[in-house]
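# Structural overview for review
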Amino acid sequence: MYIITEEQTMWLTALLEEAVGRANTDEKKGKLLSLKEEVAHAFSFIPSINTTEQDVKDAKEILESLRRITETYTENPDLEAVDDYEYIKREMIGQLEYLSTIREKIVDDANFMKDYLRKELYSTLALEYTDPTDGSKGVSQAKADRLVEVDPRYLTVKKQYGRIQEVASMVKTRYEHYTRTLQAVIQSCSSARKFKSIQH
């Protein structure tokens with residue numbers, strides 16, 4: 001999973017500018033300038049999102065932690081283990097609260113990318129094909145639709161959307177699963193307290 005961020009785009013552009021300054025032949029300088037323009041043009045179609053690689057890494061670590069905590073819960077059949085259940089409950093609540101903030105960011109970005117890809121970018125690129133600004137004759141809407149589907153700019157953003165959507169779906173599904181598990185843990189705490197009070 002790799003998400004291109006606005007900062008990375010800026011760094012790549014800066015590195016290309018530096019390389020142009022160091023180029024010792026006109027041919028190298030020309031190729032680097034051309035590459036810089038192509039990169040700037042290609043990345044201008046990738047929208048800026050808030051999700052970072054660190055967010056994705058943190059989400060995966062939290063989910064792994066929740067998996068281990070849940071394992072501890074399912075392996076603990078002792079009806080009197082109130083303290084154990086309370087500990088599991090506290091740990092899950094803390095992890096789920098942190099995951100909730102990351103989940104919102106990732107899901108919001110996935111929804112934003114979906115809208116951008118299907119509405120804004122698609123329309124912009126289709127218009128380039130049906131009504132070119134260079135004075136050449138445009139193509140039909142049906143042909144423009146086919147051309148957009150294979151346009152490298154559209155495919156780049158589509159790939160980015162696929163990556164963020166995959167993470168968003170995984171985090172959302174597992175968050176819901178662990179939220180339901182937390183409800184079971186809370187019920188176990190309550191049952192354990194009742195069982196303990198009956199026994200004593």
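Described below are features of the structure shown in this document. Counting of residues starts from 1 at the beginning of each chain's written sequence and follows it residue by residue. Note on the predicted model: pLDDT of at least 70 is required for a residue's local features to be given, and 80 or more for side-chain atom pairs to be given and counted; whole-chain, interface and lining totals, by contrast, use all residues. As a rule here, side-chain values come from all non-hydrogen atoms in the structure, and water together with hydrogens is ignored.

## So, the overall build of the protein
Put simply, the rule is: The secondary structure listing takes helices from DSSP runs of H or I that are at least 4 residues long and strands from runs of E that are at least 2 residues long, numbered from the N terminus. This radius of gyration counts C-alpha atoms alone. The globule rule is 2.2 Å times how many residues there are, raised to the power 0.38. In what follows, residue pairs with any heavy atoms lying within 4.5 Å of each other are defined as contacts. Residue burial considers only the protein chains on display, and all accessible areas are found by Shrake-Rupley using a 1.4 Å probe.
Scanning the protein from N- to C-terminus turns up six helices and zero strands. Secondary structure elements of the protein, listed N to C terminal, follow the sequence α-α-α-α-α-α. In summary, the protein has a C-alpha radius of gyration of 26 Å against a globular reference of 16 Å for 200 residues, an excess of more than 25%. Judged by the C-alpha coordinates and their principal axes, the protein covers about 90 × 45 × 20 Å. Of the contacts made within the protein by residues no fewer than 6 positions apart, 76% connect residues no fewer than 24 positions apart. For the protein, the exposed surface amounts to about 12600 Å²; the carbon and sulfur share of it is 52%.

## Here we look at helix 4 (residues 82-130)
Applied cut-off: To estimate the expected span of a helix, subtract one from its residue number and multiply by 1.5 Å. To get the bend at a residue, fit one axis to the 7 residues ending there and another to the 7 starting there, then take the angle between the axes.
Between its first and last C-alpha, helix 4 extends 69 Å over 49 residues, near the 72 Å set by a 1.5 Å rise per residue. At Y116, helix 4 shows its largest kink, close to 40 degrees.

## Here's the deal with the side chain of E86
Applied cut-off: Classification of residues uses two cut-offs on accessible area relative to the type maximum, computed with a 1.4 Å probe and protein chains only: under 20% is buried, over 50% is exposed, and between them is partly exposed.
Relative to the helices and strands, E86 is located in helix 4. Exposure remark for E86: the relative accessible area of 15% places this residue in the buried category. Here E86 is in contact with C189 and R193, once residues within four sequence places are set aside.

## Some details on the environment of A40
Topologically, A40 is positioned in helix 2 (residues 26-43). Judged by relative accessible area, A40 falls into the partly exposed class, the value being 39%. Sequence spacing of A40 and D84 is 44 residues, and the spatial spacing of their C-alpha atoms is 56 Å.

## Side note on the nonpolar core
The nonpolar side chains of a soluble globular protein tend to be buried, and buried together. Let me state the cut-off plainly: Think of a nonpolar core as a cluster: buried Ala, Val, Leu, Ile, Met, Phe, Trp, Tyr and Cys residues, connected wherever their side-chain atoms sit within 4.5 Å.
With 42 residues, the main nonpolar core has M92, L99, L121, V157 and V171 as its most contacted residues. Looking at this core, the elements with two or more residues in it are helix 3 (53-74), helix 4 and helix 6 (152-199). With 17 residues, helix 4 is the single largest residue contributor to this core. The residues contacting L99, other than those within four sequence positions of it, are A59, I62, L63, L66, V171 and Y175. Membership of the second largest hydrophobic core comes to five residues, among which are L16, A23, L32 and V39.

## Quick word on the pattern of salt bridges
We count it as follows: By definition, a salt bridge exists where a carboxyl oxygen of Asp or Glu is found within 4 Å of a side-chain nitrogen of Lys or Arg.
Applying the stated criterion across every chain yields a total of 11 salt bridges. For R22, the salt bridge identified is with E18, shortest N-O distance 3.2 Å. With R22 and E18 both in helix 1 (residues 6-22) and four residues apart, this pair spans about one turn of that helix. Under the relative-accessibility criterion, R22 is labelled exposed at 66%. A relative accessible area of 42% means that E18 is categorised as partly exposed. A salt bridge links E64 to R67, with the nearest nitrogen and oxygen atoms 2.6 Å apart. Of this pair, E64 and R67 both sit in helix 3, three residues apart, roughly one helical turn.

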